[in-house]
Amino acid sequence: MSCSASTAHSPQPTQPAQAETAFCKIVGGLSSPLLANVYLTAIDERYRRWVPNPRDRTRERAQQRLQSDYRRGRPGFYVVRYADDFIVLVQGTQQDADQERLALAQFLREELRMELSMEKTKITDVREGFDFLGYRIAQVKMPSTGRHVGMLFIPKGKSQLLRDKIKVKVRATPTGRTLADLIDGLNPVITGWRNYYRYATRSGKEFGKHDWWLWWRLKAWLSKKHGGASGRKLRRQYRESGTQQGGWRSGGKKLARFADTRRLRYPDRGLRIPNGWNDPDEHFRKGADKFWEATRALASL
């Protein structure tokens, strides 16, 4: 890792920027994001007033502080950070965002000995949207209420990168290999991509497009493998009976489908999550006890 951090600000919010350090040069491995996460905890503390944290008795306390500052004409800030990537959402004006960017740069330089790249730190209106951790995040006006609501979208570039990756895998698989071999190479890609983007708005529609495209991509590969065999013959030999497009299978291996996973709402685990050392009587939000079980299941995919 080159200890770098992304930050985003905005009068409503912002887009990533990079902070670069001259002394932290840990390349790869689990220690890289772990050490970045520990070291950059100071950023979380800087914005602790407006962000829910385990010190609050209720989740609403941070919102009450934000509303109190708003009534007094003061800007409010909300940081979202993953290891060394972070954005800062600003409740205020363009000037408030500009001033906070300068203040944050000074804080990083004096407290953490890091330099914030001002060129890469973009300030943008949340209604225009910004990219963060592979998602496109934007406020969208709801027709039913007229209110602007924050939503997650799959960036078009990410969908194209996925298709490019699949094309490379299909082209690199000789037609002398079995369809089962090709499925073994594609299923981890399909499963990982759909699990990551299943929280995006309209992800089901995007998943359906990818399934349709992949069905025809594999049909072309099979047709070439069997000397230009017709689609009817290929479906009879390789398609699961009783299914429509997307049911390719061979040798006991079935091609995974993007649409096999429905869109999910990101779970709210509250201010605290179980870590294995909590008091047995401590109360957590519904479903929080499944956190580590779900994490281990995802790691095993």
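Q: Just checking my understanding: could you explain the sheet that holds strand S8 (residues 148–153) for this structure?
A: The strands that make up a sheet are held in pairs by hydrogen bonds between backbone atoms, and each pair lies either parallel or antiparallel. Taken together, 3 strands build an open sheet; the order of strands is S6-S7-S8 and the sheet is antiparallel. Two strands lie at the open edges of the sheet, namely strand S6 (130–132) and S8, each paired on one side alone. Shown here is a sheet whose adjacent strand axes are inclined to one another by a mean of 35 degrees, direction ignored. Judged from the 3 bridges that link them, S6 and strand S7 (residues 135–141) form a sheet pairing that is antiparallel. Following the sheet pairing, Phe-132 is matched in S7 by Tyr-135.

Q: Looking at this structure, I do not really get the nonpolar core. What am I missing?
A: Where a protein is soluble and globular, its nonpolar side chains tend to be buried together. Membership of the largest hydrophobic core comes to 34 residues, with the highest contact counts inside it found for Leu-186, Leu-214 and Trp-248. Those elements giving two or more residues to this core turn out to be S6, S7, helix H5 (156–172), helix H6 (179–196), helix H7 (203–225) and helix H8 (231–238).

Q: What should I look at first to understand the packing of H5 against H7 in this one?
A: Between H5 and H7, whose axes approach to 11 Å, the crossing angle comes to 20 degrees. Compared by their axis directions, H5 and H7 come out roughly parallel. The interaxial crossing formed by H5 with H7 has right-handed handedness. Taken together, the residues of H7 that come into contact with H5 (itself represented by Ser-159, Leu-162, Arg-163, Ile-166, Lys-167, Val-170 and Arg-171) are Glu-206, Lys-209, His-210, Trp-213, Leu-214, Arg-217, Leu-218 and Trp-221. Tallied by class, the residues present in the contact of H5 with H7 amount to 7 nonpolar, 2 polar and 6 charged.

Q: Even after reading the chapter, I still don't get the packing of aromatic side chains, so can you show me in this structure?
A: Where two aromatic rings form a pair, the distance of their centres and the angle of their planes describe that pair. Tallied over the entire structure, the rule returns 12 aromatic pairs. Both rings, one in Tyr-196 and one in Tyr-197, keep their centres 5.1 Å apart while their planes meet at 90 degrees; by these two values the pair is edge-to-face. Relative accessible area serves as the criterion here: at 39%, Tyr-196 is assigned to the partly exposed category. A residue is classified by how much of its surface remains accessible, and Tyr-197, at 4% relative accessible area, is buried.

Q: When you look at the layout of surface pockets in this model, what are you seeing that I'm missing?
A: There is about 340 Å³ of room inside the second largest pocket. Every residue lining the second largest pocket is counted, 13 residues in all, and those nearest its centre are Phe-153, Ile-154, Lys-156, Arg-202 and Glu-206. Elements supplying a minimum of two residues to the lining of the second largest pocket: H5 and H7. Tallying contributions element by element places H7 first for the lining of the second largest pocket, with 4 residues. A per-class count over the lining of the second largest pocket returns 3 nonpolar, 3 polar and 7 charged.

Definitions and limits used
- Residues numbered from 1 in each chain as written.
- Predicted model: local features only at pLDDT ≥ 70, side-chain atom pairs only at ≥ 80, totals over all residues.
- Heavy atoms only, no water.
- Pairing = 2+ DSSP bridges.
- Helix = DSSP H or I, 4+ residues; strand = E, 2+ residues; numbered from the N terminus.
- Axes fitted to C-alpha atoms, helices over the stretch in contact; angles between N-to-C directions.
- Core = buried A, V, L, I, M, F, W, Y, C linked by side-chain atoms within 4.5 Å.
- Buried < 20%, exposed > 50% of the residue type's maximum accessible area, 1.4 Å probe, protein only.
- Parallel < 35°, antiparallel > 145°, perpendicular 65-115°, else oblique.
- Left-handed = near helix turned anticlockwise from the far one by under 90°.
- Contact = heavy atoms within 4.5 Å.
- Nonpolar A, V, L, I, M, F, W, Y, C, P; charged D, E, K, R; others polar.
- Phe/Tyr/Trp six-rings, centres within 6.5 Å; stacked < 30°, edge-to-face > 60°.
- 1 Å grid on protein atoms, 1.4 Å probe; cavity = no way out; pocket = protein on both sides within 12 Å on 5 of 7 lines; lining within 4 Å.
- Points joined across faces, edges and corners; volume = space filled by probe spheres on them.

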